[in-house]
Amino acid sequence: MNDSAPEARPARRNRLIVAAIGRCGLLALLAVLSPVQGYAAEAGIDVPMRRDRATSQQPLSTQSSGGLLEATEVVRREIGILRSELGANDFPAQAESHQDRTPIHVYVKALEVMSKVAALQRRLGVPVGEVRSLPLSDVSADEAMGAVQDILDGIDAIKKQLVIDASVEVAATSDGPRMLAVAYRNLADASLLIDWLVGRELTLQAVFQSLMAAVEDINLIATRVQVPLNGELPEVSDQRNLINVAQQAMRAAYKVANLQTGLGMDASAVPTLTMVRVSPTEIHDLIGILRAELVRIKGHLGINVPTDDVPAAGFGQDSADLFAQMLLVVRHLDQLVVSARSQ
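Quick caveat: nothing in here was measured; it's all calculated off a predicted structure.

A.B. asks: Can you help me understand the pattern of salt bridges in this one?
C.D. replies: Pairing between side chains of opposite charge can happen when their charged atoms approach one another. Under the defined criterion, the tally for this structure stands at 14 salt bridges. Where Lys109 meets Glu112, a salt bridge forms, and the shortest distance between an N and an O atom there is 3.0 Å. Of the two residues, Lys109 and Glu112 are both situated in helix 3 (residues 103-124); the distance of 3 residues between them amounts to about one turn of the helix. Comparing Lys109 with Glu112, the two get one shared label, buried. The closest approach of N and O atoms between Glu293 and Arg296, which form a salt bridge, is 3.6 Å. One end of the pair, Glu293, and the other, Arg296, are both in helix 9 (residues 280-301), 3 residues apart, so they sit about a helical turn from each other. One salt-bridge network, in which partners are shared between bridges, spans Glu73, Arg76 and Arg77.

A.B. asks: I'm lost on the side chain of Ser268 in this one. Help?
C.D. replies: On the secondary structure map, Ser268 appears in the loop between helix 8 (242-262) and helix 9. A polar contact of 2.7 Å, which involves the side chain of Ser268, links it to the side chain of Arg296. Every residue in contact with Ser268, bar those within four places of it in the chain, is listed here: His105, Ala257, Gln260, Glu293 and Arg296.

Conventions used here
Positions within a chain are numbered from 1, following the residues in the order the chain's sequence is written. Given that this is a predicted model, residues contribute local features only at a pLDDT of at least 70 and side-chain atom pairs are listed and counted only at 80 or more, while totals for whole chains, interfaces and linings are drawn from all residues. Remark: hydrogens and water are excluded; side-chain values derive from all non-hydrogen atoms of the structure. Any carboxyl oxygen of Asp or Glu within 4 Å of a side-chain nitrogen of Lys or Arg constitutes a salt bridge here. Numbered from the N terminus, helices here are DSSP runs of H or I no shorter than four residues, and strands are runs of E no shorter than two. The buried label goes to any residue with under 20% of its type's maximum accessible area, the exposed label to any with over 50%, and the partly exposed label to all in between, with areas taken from a 1.4 Å probe on protein chains only. Whenever two N or O atoms come within 3.5 Å, that pair is a polar contact, provided that in protein one can donate a hydrogen and the other can accept it, and provided that, for residues adjacent in sequence, both atoms are side-chain atoms. In what follows, residue pairs with any heavy atoms lying within 4.5 Å of each other are defined as contacts.

The structure is reproduced here in structure tokens:
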């Protein structure tokens, strides 16, 4: 039948109306999605889009390490969703397991992960969430949960901006002595998983920056207990590698535990590290644990001076320079241990 026939005209008119509505709907959809594509283009990332807006991550509350473990598991899986949506194709190493972790260790590791989430927000043009500072003393499980919740809020902001509707569910866990150690491991894995999304792994410059912040805390402690420290860097050869640096970081962990005992504190367990393949990430992790222990000592001594982030500019970036700074930290801790034992 010819469309020009009278009986065909209503049907043809209906088809034209449907087509017009379809074009309008498509234009409206493009108008909504174009800002997201613009942010992704600026970042140089091909972002797969989803039709539905992401569901807001509900805050997780806890009165126990079991609840904290649940929250960190959500963090790890949510970063897995972002990796899938953004096409991550790397194979990051698994984090080391450290036993007998406490809320302050989880808190410090959460700050590391949140700093990377903030870097990803900047890369994608998403409003950047605030990264907390190190606390002035030890923290509770609820305070550690607050730092983890910051990460979930930051990821949720990214998912909303990119219109990612996938979400995760994690079964509730029972409390137990190893829960905090597993929570710490979840965040350590999450930190490694997000590196590809941020566009870079940790550098020696970032490790230096964290170590120099630890040096500032050691100086504050020395001032409080009235121990003069010799700040002259030891001379080292250029043959020092990252394994040598990690060995000194482990020495520092033993020294700080001895210092805690000398000050009448409950000493934390020394972290573990397999000295096979050592990267800046592993060393940064050990320094983060050291900083957490120094926070405990500062709180014990009533030092209420915060440690600001130390600017990275001007620090050396090779393993020999890092080794020298770490060796100096060990020597300073030795001086503090000797003083604490003589009191």
